[in-house]
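One-letter residues, chain by chain:
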Amino acid sequence: TWVGSVVGAMPPLIGWTAATGTLDPGAFILAGILFSWQFPHFNSLSWNLRPDYSRAGYRMMSVTHPDLCRRVALRHSLACIGICTMAPVLGVTSWVFAADSLVLNLYFSFLAYRFYKNADSNSSRKLFQFSLIHLPMLMILMWVSKSALKDEKTNKKALL
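Residues numbered from 1 in each chain as written. Predicted model: local features only at pLDDT ≥ 70, side-chain atom pairs only at ≥ 80, totals over all residues. Heavy atoms only, no water.

1. Considerations on the overall build of the protein
Part 1 of the argument: Regarding its fold elements, the protein presents eight helices and zero strands.
Part 2 of the argument: For the protein, the α and β elements follow one another from N to C terminus as α-α-α-α-α-α-α-α.
Part 3 of the argument: The 160 residues of the protein split such that 40% are buried.
Part 4 of the argument: Across the protein, contacts joining residues at least 24 apart in sequence account for 67% of those joining residues at least 6 apart.
Part 5 of the argument: As displayed, the protein has an accessible area near 9,000 Å², and 66% of this comes from carbon and sulfur atoms.
Part 6 of the argument: Of the side-chain charges in the protein, 15 are positive and 7 negative, and the distance between the mean point of each set is 6 Å. (Helix = DSSP H or I, 4+ residues; strand = E, 2+ residues; numbered from the N terminus. Buried < 20%, exposed > 50% of the residue type's maximum accessible area, 1.4 Å probe, protein only. Contact = heavy atoms within 4.5 Å. Areas by Shrake-Rupley, 256 points an atom, 1.4 Å probe, with all protein chains shown as cover. Lys, Arg positive; Asp, Glu negative; His and termini not counted. Charge placed at Lys NZ, Arg CZ, Asp CG, Glu CD.)

2. So, the packing of aromatic side chains
Part 1 of the argument: Enumeration according to the criterion identifies seven aromatic pairs in this entry.
Part 2 of the argument: With 6.5 Å between their ring centres and 40° between their planes, Y113 and Y116 make a pair best called tilted. Residue Y113 and its partner Y116 are both found in helix 6 (residues 95-117); the two are separated by three residues, about one turn of the helix.
Part 3 of the argument: A residue is classified by how much of its surface remains accessible, and Y116, at 27% relative accessible area, is partly exposed.
Part 4 of the argument: R70 extends its terminal NZ or CZ atom over the ring of Y116, reaching a point 5.9 Å from the ring centre. (Phe/Tyr/Trp six-rings, centres within 6.5 Å; stacked < 30°, edge-to-face > 60°. Lys NZ or Arg CZ within 6 Å of the ring centre and 35° of its normal.)

3. Some details on the side chain of S44
Part 1 of the argument: Its location among the elements puts S44 in helix 2 (residues 25-48).
Part 2 of the argument: Engagement of the side chain of S44 in a polar contact is seen with the backbone oxygen of P40, the distance being 2.7 Å.
Part 3 of the argument: Look past the residues within four positions of S44 in its chain and what remains in contact with it is F39, F115, S124, L127 and F128. (Polar contact = N/O pair within 3.5 Å; in protein donor to acceptor, adjacent residues only side chain to side chain.)

4. Looking at helix 7 (residues 121-144)
Part 1 of the argument: When the terminal C-alpha atoms of helix 7 are compared, their 35 Å separation across 24 residues agrees well with the 34 Å that a helix rising 1.5 Å per residue should span.
Part 2 of the argument: Residues of helix 7 that are buried: S123, S124, L127, F128, F130, S131, H134, L135, L138, L141 and M142.
Part 3 of the argument: Against the buried residues of helix 7 lie helix 2, helix 5 (66-89) and helix 6.
Part 4 of the argument: Measuring from the side-chain oxygen of the N-cap residue of helix 7 to the backbone nitrogen of N122 gives 3.2 Å; that N-cap residue is D120. (Expected span 1.5 Å × (residues − 1).)

5. Let's talk about the environment of L127
Part 1 of the argument: Looking at the element boundaries, L127 is found in helix 7.
Part 2 of the argument: Judged by relative accessible area, which is 0%, L127 ranks as buried.
Part 3 of the argument: Spatially, the C-alpha atoms of L127 and S109 are 9.0 Å apart, while their sequence positions differ by 18 residues.
Part 4 of the argument: The residues touching L127, leaving out its near neighbours within four places in the chain, are P40, S44, F108, L111, A112 and F115.

6. Re the nonpolar core
Part 1 of the argument: Judged by nonpolar contacts, the single largest core of 34 residues is most densely connected at I29, I33, F97, F108, L127, L138 and M142.
Part 2 of the argument: Those elements that provide at least two residues to this core are helix 1 (2-20), helix 2, helix 5, helix 6 and helix 7.
Part 3 of the argument: Among the elements that make up this core, the one with the highest residue count is helix 2 (nine residues). (Core = buried A, V, L, I, M, F, W, Y, C linked by side-chain atoms within 4.5 Å.)

7. Considerations on helix 6
Helical geometry note: an α-helix holds 3.6 residues per turn, so side chains three or four residues apart project in the same direction.
Part 1 of the argument: A rise of 1.5 Å per residue sets the reference length of helix 6, with its 23 residues, at 33 Å; its end C-alpha atoms lie 32 Å apart and thus fit the reference within 8%.
Part 2 of the argument: At L102, helix 6 shows its strongest bend, of approximately 30°.
Part 3 of the argument: F97, A98, S101, L104, N105, F108, S109, L111, A112 and F115 are the residues of helix 6 that are buried. (Bend = angle between axes of the 7 residues up to and from the residue.)

8. Thoughts on the pattern of salt bridges
Part 1 of the argument: Considering all chains together, one arrives at two salt bridges under this definition.
Part 2 of the argument: Close ionic contact of R55 with D52 constitutes a salt bridge, the shortest N to O distance being 2.4 Å. Here R55 and its partner D52 are both found in helix 3 (residues 50-56), three residues apart, which amounts to about one turn of the helix.
Part 3 of the argument: Among the ionic pairs, D67 bridges to R70, the shortest N-O distance being 3.0 Å. (Salt bridge = Lys/Arg side-chain N within 4 Å of Asp/Glu carboxyl O.)

In C-alpha cells, the structure reads:
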C-alpha cells in the first residue's frame, strides 16, 4: 500500500511540473491528497477481501496486521484535513477550499473512525464507497477555489 500510494501520488507532481514548469507547493498538495486518500480507500477495500487474500497467500496488511490496517486508514483520513488546510496557507487555493473540503474530510474521517472502532463489512464498505466520491469532490473544489498562478497574475496586470 505504501509503495502504491507513492506511485499514485507521482502523476500530480509530473502533471503540475509539465503544466507550470516548476514544482510549486500546489504539486505537493495534490500529491499529498492522493497519497493520503489512497490508504482509507484501499484499506477499506482490502478489508472485505481478507479471506480471498489469505486463501491466495497474499500477505496484505488487512490479513497480517488488521489493527494497523484500521489505524492507518484513520490516520490518513485525518491527514487529508491537514493537507487541504495547507492549500490556502501555501497560496494554492482560497480559504473557501479549506472550509468546503473540511465538510468532506470530516465525514471521511468519521467513516474511517467507525471502521477503526468496529471494522466489519458494513463500515469498510461505507468508507470505500465514500472514498469514490471524496477524491473527485476534493479535486472539483480545489479547481473551483484555485488561486491564480504567478504568470496569470502578471498577465492580468499587463492587460490592465
